[in-house]
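Analysis of the macromolecular model
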Amino acid sequence: MPIGPNGWFEARPPIRVEGGLRARSRRGPIGEQWWSRRFIDLLEDICDPGRLARGRTYARRGQVLDMEVAPGAVTARVQGSRPAPYRVSIRIEAYAEGDWADVERALAGQALYRAALLAGEMPPEILEVFDALGRPLFPSTLDMSCTCPDHGVPCKHLSAVLYLLAEAFDEDPFLVLAWRGRARADLLESLRGLADGEPVDPLHVPDVPLADRLDDFYSPAASLGRLRDLREQRVAEPAPPELLLRALQPPPVTVRHRPLVDVLRAAYRELPLS
Amino acid sequence: MLVVHGAWVDRLLALWAEATGPLATTAGDEPSRHPFAASAAELAAAIGTSAAGAAQTELTIRLPGSPRGPLPSPESGLPAAARRPRLMTWRVPTVLLEPTAALTLLESLDAAPEDEASTDAAAPEWGPASSLRYLALVGDVARDLVRRGRILPQLSTGNGVPAACWAPVLTGSDAAEFRELAGAMPPVCRAVDGERAAGERAAADVLRDALAGLVDGAARRAMPDRLLAGHRAGPRHPLADRWLFALTADDPALPGAKPADVEALDGALRQWLASAYQLHGPVRVCFRLGEPAEDEDAWVVEFGLQPADEPAQYVPAARIWAGERLPGLPPRPDEVLLAGLGRAVRLCSDLYPALQQPQPTELAVDTAWAYTFLRHGAPLLRAAGYAVNLPTWSGLRGLGLRLTTRPAGARADELSLDDRVDVRLGLAIGEQAIGEAELTELAGLDVPLVRIGGQWVELDGRQLRSALKAIEERGTGQMTVREVIREVAAGGEDDLPLVDVVAGGLLGDLLSGDADRRLAPVPTPDTFHGTLRPYQERGLSWLSFLAGLGLGGILADDMGLGKTAQTLSLLLSERAGGRELPATLLLCPMSLVSNWQKEAARFGPSLRVYVHHGGTRKRDEELAAAVAEADLVITTYGTAARDVEALASVHWGRIVCDEAQAVKNSATRQARVVRAIPAQTRLALTGTPVENHLAELWSIMDFCNPGLLGTPTRFRERYREPIEKGRDEHAARALRRATGPFILRRLKTDKSIISDLPEKLEMKTWCSLTPEQAQLYEAVLNDMMGKIESSEGIERRGNVLATMTRLKQVCNHPAHLLKNGSRLGGRSGKLARLEELAQEIVEEGDKALVFTQYAEFGALLRPYLAAHLDRPVLWLHGGLPKARRDELVDRFQSDDEPMLFLLSLKAAGTGLNLTAANHVIHVDRWWNPAVEDQATDRAFRIGQRRTVQVRKFICVDTLEERIDDMIEQKKALAERVVGTGEDWITDLSTERLRELFRLGPGAVS
């Protein structure tokens, strides 16, 4: 059984790839962020550091053609020595919608998490939220497979993908959440919805393009009768007509040496009779 | 006919119009010109006074269409040419109205024309398109904002020259309404973009501009001429002085102002406006008033925050100061709380001590403080966007008068307004009677919030004093029944309402408001042909009772419950045993004259009826003689207005107003006319829920029992304002007590009514022809009878069928026969009746199926009805693909909005399940009852839980009535004879046909 220079089973050298996913080479080791550190810890439990380092070399050569993180599964194609690329998948349990609703409620419950997540950060305490719900964020085992003939797990193709994955996590902590079943946009949106996100213009109304309304171009979208109904049903709190003048901090405007608000008050009181 | 559209461009209302008839001016062949738009001059002439002096120009607009021309609006009734329309740019002549003129025009759309004569005959006829009616609604919103003071003065700096203007403040429910309105905006309003190339504006931007313009116009109209006495501020005066002057001046512009001054003033005013929007932020400061424990005086006001859209999520101040971070709260909730408390002190200075603490959580207060807070602070804070939680009893229990009567004599079975009764005035708090001694004791307490029997009650000093005075002055005594009724109708005094009335005997029955159930029933008179249902007999006994007392009433049963039959039975019952009585004058819309005549002949053939209407109506002595010989005189509101003097000189036993909505506005000429005719008693018939429109209720009540509810001003203060503005339950109950004796309203959904009703109520609706229809009818008949006479066999058959088709088209509408796209309003008796019925149906919140056998008539009706009802009118015909039909059926079945479903009999006669409808109208007749019944069964099938009302429209004294008679006769003989559609008619002899088709003298009313 031929053994390659790096100690791996190698019948033939892998076919060289142009434009594959390359591991980054400029920055030093990954794992500077706590979440990617956690993932690396996990990987080191599964395979020895040497294998991981070799996966990195393989990855640096760009042999990983593509990689996709989807709920429950990371899939990738890795160019080995055979013409057809090997298919790699790394599976974990994706959490159900209901579980995520619990998580989101718990996260929204503390402004700290919300603020951090919305700012693109991943506060370490978030792990406790997941753990408390019995739904750990990081897996303790990985269900891995590769279509290569190598029986060793992880094979070098898997190692290369794991390495790239750790790197991707380092850059975007939300990928871990995506792997568990929640895309970044969805998570942030529901966090915003559960709390006050950015201030919303109370007068904002989404528009339907005119081209989509050619059939009823001349007609209101709700019948005028319905609009009148709504108007009649609306209960305005009884209020004195000069309420705004009283409730607001008066503007520093004087007219002929009298405060503006004093000048207006009498006229406002007569408004209901108009 | 011009169909006038509206859009908003900068600060101006832009009007443009489609012309449905021939154009006065040639549009020319320029490709980008709207080919059937009216010229600006033509448009301005049609609009009349509000367009006087308005700018006329040309705007570009984007409309769907093809290069040959844009799609016409549905209101125009013009055929759509393009199959696959796309957006294209067109130039349209436009009239631009200043906001004030715009407001006047938009307001005039809602007001019904007073009577036919008031419109200028020379001006081209015009009607508003949806876009303009939509803007009229925006105008209502603008006026309402101004009336409620939701405006602030600003300095606009948009167009180079600074100008003074009024800006709307749209917060809270006003912002919600803004979003609804913008979301519903007709796309055509967004397709005009001023001088710039026609674009696609955001609905919110258009609405913002329109509201700003209309609010500015309405505010200027509402404000006094000068906000500040003194001389006009000239260019040398400080900018603020000039600006204030310009806020009400004709010219709002402030030319020559120094940029630095403008910036300073503008900045201050903008900040002011911005702070108004903060009042109704997503998070509210909340005040909770907690009542003290038994035997204590220790009240407390707690502070907290709550999200505006989730009031249940209340966070007490203590937790906020503790630094707790909570979902739904802003990053610094403590700041929000503090700022909110600070603003609250401006409205309720009693809260000031709270701000003296470093971290206020609550304020301990005494009873007097709590009372002031309940009365003054709380409503103000609520109005300013604060959340205020008060104990559940607040505002509910107050001091009121309780009136107890006992008949003075021994008569129990009779009642007259002059009878004297013993009366005792007492006091009550809520439901609980309270003695004078107790009251005197309370008056000595000097604290306006007291605990009585373990419950807190708000009592103010003024109220206590007037209560004591009232008891002192008129504690016990005697009154006439008339005085008691007046007392109840007046509902007590402002600060001492009448909260309870205890009366026995017939007076008690009357005042109870359900006299119809308590009175001994009056049996159906022998002379009444037909059977009164049990509830109708109760109605009859109520009508007889009121009439016997000389009181007027409002019979407001739901449509279809038989107001006509009950009224006729009253007339018959009064005349039982040949009693001679002065005649009843019945006023109704023209479209109902035939119906009354027919129904009177059917139910009460013994009644002598005289119809006073039309050019041949009797005058002077002849009229007097006719009236003297009649039991029932039927006339229209229009005729009554013209003949008011002659009618007022007659001694009437009763005046009945059918469709009493006609007198709902006391200021209209019709209402004045009706009041000017004296009568012993009055009766109003209406199907609309009068109790929901209080101004109308006053007007109709005042017609029935003049003066009983007092002046409109007094009525507004005592009932309308507290109910409409404050949702005051006391006032609502008092009003029910005051008017209940005079209103009988049964709903078709009442359990006791349903059990009296069959599952299907079939009615014939008798219509008349307009003179135009009659002329056309004669013309068609003359032309076609000749052809029938001179033809044979198949050809004759074809001629007979063609004649019938054309005559039926004339009965539907002249435009249906002529197919010339002419206007629809006011030219057909059937259409008038359909409009009224449809209006009633949607007002009752119901849905109706309207069948016609002519697709082209349905196509005419749809836009017309949609525009007049302001409710969806769906239209299902053979030309629609299956998917579209299913969509319509789904919408009709699932949408909870009242609406009409127009259906072509051929396309929709079978198969569909339309049980959401509880009304079916057959506008024209298919001479095969089986086909009609099948169509009717779209609504009347499994899943239908309500009584289905089926109405068949028949034009009186035309072929429609005669064929209906034949069907009825044949039906009686054998169902199957008529099973072959219209064919059996073609075999009739020419003589029989002539008789069948003839136009009788009763056709035109």
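All residue numbers here refer to positions counted from 1 along the written sequence of the relevant chain. To label them, take the chains in the order written and letter them from A, then take the ligands in the order written and number them from 1. In view of the model being predicted, local features appear only for residues whose pLDDT reaches at least 70, and side-chain atom pairs are presented and counted only at 80 or more, with totals across whole chains, interfaces and linings using the full set of residues.

Section: the overall build of chain B
- When helices and strands are counted, chain B shows 38 helices and 34 strands.
- For chain B, the C-alpha radius of gyration of 33 Å lies close to 30 Å, the compact-globule estimate for 1005 residues.
- Overall, chain B is about 105 × 90 × 60 Å in size when its C-alpha atoms are taken along their principal axes.
- Contact between residues is assigned whenever the C-beta positions, reconstructed from backbone atoms, fall within 7 Å. Long-range pairs, those at least 24 residues apart, make up 71% of the contacts in chain B with a sequence separation of at least 6. Numbering of helices and strands starts at the N terminus; helices are DSSP runs of H or I of at least 4 residues and strands are runs of E of at least 2. To get the radius of gyration, use the C-alpha atoms; to get the globule rule, take the number of residues to the power 0.38 and multiply by 2.2 Å.

Thoughts on the overall build of chain A
- When its secondary structure is counted, chain A shows 11 helices and 6 strands.
- If you take every contact in chain A between residues at least 6 apart in sequence, the share linking residues at least 24 apart comes to 65%.

Re the nonpolar core
Residue and element names in this part refer to chain B.
- If you look at the biggest cluster of nonpolar residues, it comprises 141 residues, and the most contacted ones within it are Ala14, Ala17, Leu43, Leu97, Val138, Leu207 and Val215.
- When residues of this core are assigned to their parent elements, the largest contribution, 12 residues, is made by helix α5 (residues 203–222).
- A set of buried residues qualifies as a nonpolar core if it consists of Ala, Val, Leu, Ile, Met, Phe, Trp, Tyr and Cys joined through C-beta atoms within 7 Å. Neighbour density around each residue's C-beta defines its exposure: 20 or more other C-beta atoms within 10 Å make it buried, 12 or fewer make it exposed, and counts between make it partly exposed, where C-beta atoms are placed from the backbone. Counting residues in hydrophobic clusters, the runner-up holds 99 residues, among them Leu442, Val457, Leu546 and Met701.

Observations regarding the sheet that holds strand β6 (residues 126–128) of chain B
Residue and element names in this part refer to chain B.
- Any two strands with at least two DSSP-identified bridges between them are counted as paired. Here 6 strands make up an open sheet; going across it, the order is β4-β3-β5-β2-β1-β6 and the pairing mixed. Edge positions in the sheet fall to β4 (69–70) and β6, since each of these pairs with one other strand and no more.
- Summarising the sheet, strand β2 (residues 12–19) and strand β5 (residues 86–97) pair through 3 bridges and their orientation is antiparallel. From the neighbouring strand, Leu13 faces β5, where its bridge partner is Leu97.
- Note on definitions: angles span 0 to 180 degrees between N-to-C directions of axes, and those axes are lines fitted to C-alpha atoms, for helices only across the stretch in contact. Lying over the sheet, helix α1 (residues 40–47) contacts β1 (2–9), β2, β3 (55–66), β5 and β6, oriented at roughly 55° with respect to β5.

Digging into the confidence of the model for chain B
- Averaged over all residues, the pLDDT of chain B equals 85, while 92% of them reach at least 70.
- Listed scores for the predicted complex are pTM 0.71 and ipTM 0.76. pLDDT gives the predictor's per-residue confidence on a scale running from 0 to 100.

Focus on the interface of chain B and chain A
- Contacts between chain B and chain A engage 80 residues on the former and 57 residues on the latter.
- Along the lines of polarity and charge, the residues of the side of chain B that touches chain A split into 49 nonpolar, 11 polar and 20 charged. Just so you know the grouping, Ala, Val, Leu, Ile, Met, Phe, Trp, Tyr, Cys and Pro go in nonpolar, Asp, Glu, Lys and Arg go in charged, and all remaining residues, Gly too, go in polar.

Looking at the environment of Leu380 of chain B
Residues and elements named next belong to chain B.
- The residue Leu380 is located in helix α11 (residues 367–383) in this model.
- Judged by the 22 C-beta atoms lying within 10 Å of it, Leu380 falls in the buried class.
- As for Leu380 and Arg517, which are separated by 137 residues in sequence, their C-alpha atoms are 45 Å apart.

Focus: helix α33 (residues 882–894) of chain B
All names here are of chain B.
- Compared with an ideal rise of 1.5 Å per residue, which puts 13 residues at 18 Å, α33 spans 18 Å between its outermost C-alpha atoms and is within 8% of the ideal.
- Taken residue by residue, α33 has Leu888, Val889 and Phe892 as its buried positions. Buried residues of α33, seen end-on, are gathered within an arc of 95° and therefore sit on one face of the element. α33 presents Ala883, Asp886, Asp890 and Ser894 as exposed residues on the side facing more than 90 degrees away from its buried surface.
- Lining the buried residues of α33 we find β31 (873–876) and β32 (900–904). One less than the number of residues in a helix, times 1.5 Å, gives the span that helix is expected to have. Each direction from the helix axis to a C-beta atom contributes to the arc, which is the arc of those directions.

Describing the sheet that holds strand β25 (residues 632–636) of chain B
Residue and element names in this part refer to chain B.
- Pairing is parallel across the open sheet formed by 7 strands, whose spatial order is β24-β25-β23-β26-β27-β22-β28. Single-partner strands in this sheet number two, and they are β24 (609–612) and β28 (743–744).
- With 5 bridges connecting them, strand β26 (residues 652–657) and strand β27 (residues 679–685) associate as parallel partners. By the bridge assignment for β27, Ile655 is matched with Arg682.

Side note on the packing of helix α18 (residues 563–574) of chain B against helix α19 (residues 593–603) of chain B
Residues and elements named next belong to chain B.
- At a minimum axis distance of 10 Å, the contact between α18 and α19 shows a crossing angle of 55°. In terms of orientation, α18 lies oblique with respect to α19. Viewed along their axes, α18 and α19 form a crossing whose handedness is right-handed. On α19, the residues touching Thr564, Ala565 and Leu568 of α18 are Trp596, Glu599, Ala600 and Phe603.
- Across the contact of α18 with α19, the residue classes break down as 5 nonpolar, 1 polar and 1 charged. Angles are sorted into four bins: roughly parallel if under 35 degrees, roughly antiparallel if over 145, roughly perpendicular if 65 to 115, and oblique for all others. Rotating anticlockwise by less than a right angle from the far helix to the near helix defines a left-handed crossing, while the corresponding clockwise rotation defines a right-handed one.

A look at the confidence of the model for chain A
- Summarising the model, chain A shows a mean pLDDT of 78, and 79% of its residues fall at 70 or more.
- pLDDT under 50 marks residues 194–198 of chain A. Its contacts with residues more than four places away, or in other chains, come to 12 contacts.

Some points on the packing of helix α31 (residues 829–843) of chain B against helix α32 (residues 855–869) of chain B
Residue and element names in this part refer to chain B.
- At their nearest, the axes of α31 and α32 sit 11 Å apart, and the two run at 50° to each other. Considered as vectors, α31 and α32 are oriented oblique to each other. Judged by the twist between their axes, the crossing of α31 over α32 is right-handed. Contacts between α31 and α32 involve Glu835, Ala838, Gln839 and Val842 from the former and Leu865, His868 and Leu869 from the latter.
- Taken together, the residues of the contact of α31 with α32 sort by class into 4 nonpolar, 2 polar and 1 charged.

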